[in-house]
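Observations on chain architecture
This is what each chain is made of:
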Amino acid sequence: MGNEKSQAARETRDTTGVGRRSLLGAAVLGAGAAALATPAAAAAAERTSGGNHSGRGLRGLPVPTVIGHRGASGYRPEHTLGSYQLALDLGAHVIEAGDLVPTRDGHLVCRHEPEIGGTTDVSAHPEFASRRTTKVIDGVSTTGWFTEDFTLAELKTLRAKERIPGTRQHNTLYDGRWEIPTFEEVLTWRAEQSRRRGREVWIYPETKHPTYFRKLGLGLEERLARILRAHGLHRRDAPVILQSFEPTSIQRLHRLVDNPLAVLLSTANSRPADFVDTGDPRTVADLITPKGLAEIARYADGIGPTLDLIIPKDAAGKLLEPTTLVRDAHAAGLVLHPYTMRNENTFLPADFKRGTDPNAYGDAFGAFKAYYATGIDGIFSDNCDTALLAREDFVNG
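This one's a predicted model, so the numbers in the text were calculated from it and none came from an experiment. (Residues numbered from 1 in each chain as written. Predicted model: local features only at pLDDT ≥ 70, side-chain atom pairs only at ≥ 80, totals over all residues. Heavy atoms only, no water.)

Let us look at the overall build of the protein chain. For the protein chain, the helix and strand inventory stands at 17 helices and 13 strands. Per-residue burial over the protein chain gives 59% buried out of 397 residues. Long-range pairs, those at least 24 residues apart, make up 67% of the contacts in the protein chain between residues at least 6 apart in sequence. Per element, the accessible surface of the protein chain, about 15500 Å² overall, is 53% carbon and sulfur. (Helix = DSSP H or I, 4+ residues; strand = E, 2+ residues; numbered from the N terminus. Buried < 20%, exposed > 50% of the residue type's maximum accessible area, 1.4 Å probe, protein only. Contact = heavy atoms within 4.5 Å. Areas by Shrake-Rupley, 256 points an atom, 1.4 Å probe, with all protein chains shown as cover.)

Okay, here's the thing in C-alpha cells:
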C-alpha cells in the first residue's frame, strides 16, 4: 500500500480527521444557509466555507462532502445541465456529472443507464420505433432503447424527462426542457462555472457497465482518459473524481490518468459485473474486509458503498448498529462517499418515515444525522440543500 495514491488518501485522513468539526465550525454555517439562498449568496458562502479549494486536490474538499447525486435530481430531471446547475447553485461541494455511456459513434453522454426509454422522450419519436429492443446487460434483461444504437446527432433530437414521475411529480414540469448532455459539454459547463465562481467546480463521473461496453468495442476508460487529457483534467489535483462499480475499470483508469478514484460497492452479497465475467468468485462482502480494502487502496483513493453497508437495516427497515466499514476503510487510507440519501419516505429507513404517503418527505434530517455520525467523509444526495443543512447541524452540534 505504499503507492502514491494510497499515501495521498492517508494524508487526506490526516488533514480531515479528529479536529474537523472544530475546523469547519462556523464556516459551514454560511454554506448551509446558502443552500436555500440565491446563487450569488451561495457563491459568497462557499468562499467562507472552504469552498475555494483550487489546487489542493481531494484534500481540499470539505468533510463531510455533499455530493449532488446526478445533479439536484430531487428537483430536476437527472443528468441534465439544469440538474447540475441547480445542485451547484444550492451549494453542493461536488456534482455527480455524470453516469457515462457511449453512443454508436463513440461519444460519451450522461445517462443513468444506456436504456433511455425511462429518461427521454424517445418513445414519442416514431422514427426510432424500430430501435426498441431487448438486451442483457450484466445479466439483467432490459427492453427499451439504448444509447449505443444511436449516433450523437440522433440522441440530440431527444429531450430528457423525469425518471420516477410517480414519486417526483413536480419534476415532470421540466420534462422536455433539456437535451442529453455529452461529457464534453459537461466539462465546458464546469470550466465556465469555475471561472464565474473563482474556484474549481468538482465533478464525479462514473463509468457505467464498462465490461459490457468493452465487448461492444466501445471501451469507456480510454475515451474518458482522452477527453480528460484534452482538457488538462487528468492530473492528481484535478477537480474530477472517477468512480465505477467495476474494480477493473478503476484499475484501468489508475493506469491511464492520475485522478482521484473510487470503487462503488453494491449490496454485500452481490458480485461486480467484471468479477462475474472473469469468474472471480468474490462478492462485495469480500471487498469490504480489511484485506479487500487494503487491495482497493493499492489503486484507488476511496469507496462509494451503499448506505446499508454503513448501517444495515432489520427486517422492518429500521437501522441497526453501524458496521465497522468506516473504521476499516479509514485504516486502509480510504475515504468513504456512500450513496444515496433522498428526502422521500419511500427511500428513508423506517425510523425516519413520517405519515403514510410514500412520496411525502420524512425526517431526512434525522437520517442524515445518523449517517454523518458514523464518520463518513461525504454522501451522495438527491437533495443537496437538505444535506447541507443537516451537515451544518452535525458540524456545529
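Turning our eyes to something else, we now look at the sheet that holds strand β13 (residues 378-381). In space, the four strands of this open sheet follow the order β7-β2-β1-β13, with parallel pairing throughout. Edge positions in the sheet fall to β7 (202-203) and β13, since each of these pairs with one other strand and no more. Pairing geometry for strand β1 (residues 65-68) and β13, over four bridges, is parallel. Directly across from T65, in β13, lies its bridge partner G378. (Pairing = 2+ DSSP bridges.)

Quick look at the side chain of R190 now. On the secondary structure map, R190 appears in helix α7 (residues 183-197). Looking at R190, its side chain comes within polar contact range of the main-chain oxygen of V201, at 3.0 Å. Setting aside anything within four residues of it in sequence, one finds R190 in contact with E200, V201, I203, L233 and P239. (Polar contact = N/O pair within 3.5 Å; in protein donor to acceptor, adjacent residues only side chain to side chain.)

Here the focus is the packing of aromatic side chains. The final tally for this structure, using the stated rule, is eight aromatic pairs. On the basis of an interplanar angle of 70 degrees and a centroid distance of 5.0 Å, the ring pair of Y212 and F213 is categorised as edge-to-face. The residues Y212 and F213 share a single accessibility class, namely buried. In this structure, R76 is placed above the aromatic ring of Y174, and the distance from its NZ or CZ to the ring centre is 4.1 Å. Sitting over the ring of W178, R177 keeps its end group 5.9 Å from the ring centre. (Phe/Tyr/Trp six-rings, centres within 6.5 Å; stacked < 30°, edge-to-face > 60°. Lys NZ or Arg CZ within 6 Å of the ring centre and 35° of its normal.)

Two strands in a sheet stick together by hydrogen bonds in their backbones, pointing the same way (parallel) or opposite ways (antiparallel). Here seven strands make up an open sheet; going across it, the order is β4-β3-β8-β9-β10-β11-β12 and the pairing mixed. Each of the sheet's edge strands pairs with one partner strand only, and the pair in question is β4 (108-110) and β12 (335-336). One ladder, built from two bridges, connects strand β11 (residues 302-305) with β12; its direction is parallel. The residue bridging I303 from the neighbouring strand is L336, located in β12.

Core analysis: the biggest nonpolar cluster contains 88 residues, and F183, I303, M341, Y371 and Y372 have the highest contact counts within it. Element by element, the count of residues in this core is highest for helix α17 (residues 384-396), at six residues. Those residues in contact with F183, other than ones at most four positions away along the chain, are A97, L100, L108, V109, C110, I203, P205, L224, I227 and L228. Core analysis: the next-biggest nonpolar cluster, separate from the first, contains 10 residues, V94, I241, Y339 and F380 among them. (Core = buried A, V, L, I, M, F, W, Y, C linked by side-chain atoms within 4.5 Å.)

This brings us to unusual backbone geometry. Here V63 and P64 are connected by a cis peptide whose omega angle stands at -5 degrees. One can find P64 in the loop between α4 (39-48) and β1. Residue G98 follows A97 across a cis peptide bond; omega there is -5 degrees. Relative to the assigned elements, G98 resides in the loop between β2 (94-95) and β3 (99-102). Phi angles above zero are rare outside glycine, and R70 is one such case at about 55 degrees. Mapped onto the fold, R70 is located in the loop between β1 and α5 (81-90).

So, about the confidence of the model for the protein chain. The share of residues in the protein chain with pLDDT of 70 or more is 86%, and the mean pLDDT across the chain is 89. Taken together, the stretch residues 1-55 has pLDDT below 50 and engages in 96 contacts with residues farther than four places along the chain or on a different chain. (pLDDT = per-residue confidence, 0-100.)

A separate point is the pairing of strand β5 (residues 133-137). Of the pairings in the sheet, the one linking β5 to strand β6 (residues 140-144) comprises five bridges and is antiparallel in character. Following the sheet pairing, T133 is matched in β6 by G144. With antiparallel pairing between neighbouring strands as the criterion, β5 and β6 make up a hairpin whose turn holds two residues, including D138 at a positive phi of roughly 50 degrees.

This next bit is on the pattern of salt bridges. The full count for this structure, using the stated rule, is 27 salt bridges. Within this structure, K156, R159, E179 and E185 form a network of salt bridges that share partners. (Salt bridge = Lys/Arg side-chain N within 4 Å of Asp/Glu carboxyl O.)

Over its 13 residues, α17 extends 18 Å from the first C-alpha to the last, a length consistent with the 18 Å expected when each residue adds 1.5 Å. Within α17, 10 of the 13 residues are buried, leaving the element largely enclosed by the surrounding structure. Among the residues of α17, C384, D385, T386, A387, L388, A390, R391, E392, F394 and V395 are the ones counted as buried. (Expected span 1.5 Å × (residues − 1).)

In this section: helix α10 (residues 247-256). Every buried residue of α10 is accounted for by P247, S249, I250 and L253. In a view along the axis of α10, the buried residues occupy a sector of 155 degrees, so they form one face of it. (Arc of directions from axis to C-beta.)

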